[in-house]
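# Examination of the molecular architecture
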Amino acid sequence: MDKNVQERFTGVIKFTPPLYKQRYQFIKDLVEKYKPKKVADLGCADCTLLWMLKFCSCIEVLAGLDICENVMKKKMHRLSPLPGDYLQPAERSLTVTLHHGSVAHKDPCMLGFDLITCIELIEHLEESELEKFPEVVFGFMAPTMVVISTPNSEFNPLLPGVTFFRHPDHKFEWNRAEFQSWALSIARCYDYSVEFTGVGPPPTGMEDVGFCTQIGVFVRKYSQTSETAHFEKPTKAAYKTVFKAVYPSLKDEKYLQNAVVSEVVFTAQVIKRSLLDHLKSEHEEYNDSPVEIKSKFQHSKNCVSEDLEKLAVEKSMEPFVNGNVVYIPLTKIFSFSKVNQLCGTFEKLRKLITGEVTLSSDGSAVMVNTEHENE
């Protein structure tokens, strides 16, 4: 068959985008469809897939595992938070952890995941490791979904320069029948369903060889509970943690308070500027001289007495000027969508900004100084 394939095809295979990007995009599309919160990549290598997945807003926990610590360390810095992540924290929490260890060993840090990916991993496993792999991944880890990709050996005759295996570290490469037989056996044993697909389509007229990369998508048939988890759960760690990053999140009160205070101060400045510009434009309509404008502006500042200050704030959402201070009711600030979304409730807004922003004596308005304005 291989000889016939070679005789029928004389072109050069070029995948666009590159095959590894198609594999990663397949996982990213799956994540966007099913919205898993906890995702682990076994055999994560240089962490490229993890780096792509950290931008998926549904994911709150990302974990990587690889037998080669040095490969992970080369590019694991890409998984660290950037300055912008601290300036504008996301609403979700995100923790990224990398572990050094073998997929043939069990470690409780890999329990409770929604999705586990094994991209071009199994063909690198020794026979003894491959034998343990199903029990570790499907029996012990038992995620809701597992995605396994591996080379399709039937496609190899179309790849220039490939005479045996695609990579010198591969211990085997299966054809579709071999992979599907192995996958179906696992699915039956551990109560999963499995569907087969792939990436890297063959050239026109050569469809009988299948995808360049074959993929099995396993879905657990039951909900994991204490009653259904029959497999032993060891408590001893088998992996070494080599990296951990906790991203700033608005779920953390500290970052939420910083974000709210910043947004309140910004909103108050916008409102103040709008009010002062409005007062100035009113006076300029009458072609007042600069001295007259300043005089009238100062007069308008004092139009509300100290005694009426509290009443004015309570009865109105509109800001007003008194002396050198603009009073902006909290109800006005809370009406702005960004502030409202951040706080959720008016009481939460008041709690978060008390002591951080200058408020009126009764705490019902933000006070912004206008000294040196419009001089």
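For the structure itself, look to the data block above.
So, a few notes on the structure that sits alongside this text. Computed from a prediction, not measured in an experiment: that's the story for all the values here. (Residues numbered from 1 in each chain as written. Predicted model: local features only at pLDDT ≥ 70, side-chain atom pairs only at ≥ 80, totals over all residues. Heavy atoms only, no water.)

Further remarks concern the environment of Q214. Here Q214 lies in strand β7 (residues 213–220). Taking the relative accessible area as the measure of exposure, Q214 reaches 4% and is therefore buried. Considered as a pair, Q214 and R23 are 191 residues apart in the sequence and their alpha carbons are 9.8 Å apart. Not counting residues up to four positions away in its chain, the partners in contact with Q214 are I148, S149, T150, P151, N152, W174, N175, R176, F179, T197 and G198. (Helix = DSSP H or I, 4+ residues; strand = E, 2+ residues; numbered from the N terminus. Buried < 20%, exposed > 50% of the residue type's maximum accessible area, 1.4 Å probe, protein only. Contact = heavy atoms within 4.5 Å.)

Read across the open sheet, the three strands follow the order β9-β10-β11; overall the sheet is antiparallel. Both outer strands of the open sheet, β9 (320–322) and β11 (365–369), are each paired with one neighbouring strand and no more. Strand-to-strand twist across the sheet, computed as the mean angle between neighbouring axes with direction ignored, equals 30°. Where β9 lies against strand β10 (residues 325–329), three bridges are found, and the strand directions are antiparallel. In the strand pairing of β10, V321 is matched with V326. (Pairing = 2+ DSSP bridges. Axes fitted to C-alpha atoms, helices over the stretch in contact; angles between N-to-C directions.)

Our focus in this paragraph is the sheet that holds strand β1 (residues 38–42). In space, the eight strands of this open sheet follow the order β6-β7-β5-β4-β1-β2-β3-β8, with mixed pairing throughout. Edge strands, defined here as strands with exactly one partner in the open sheet, are β6 (192–199) and β8 (240–246). When strand polarity is set aside, the average angle formed by the axes of neighbouring strands in this sheet is 15°. The strands touched by helix α6 (residues 127–141) are β1, β4 (115–119), β5 (145–151), β6 and β7; relative to β5, the strand with the most contacts, the crossing angle is about 160°. Contacting β5, β6 and β7, helix α7 (residues 176–190) runs over the sheet at an angle of about 155° to β6.

Remember, this is a structural readout, not a statement about activity or role.
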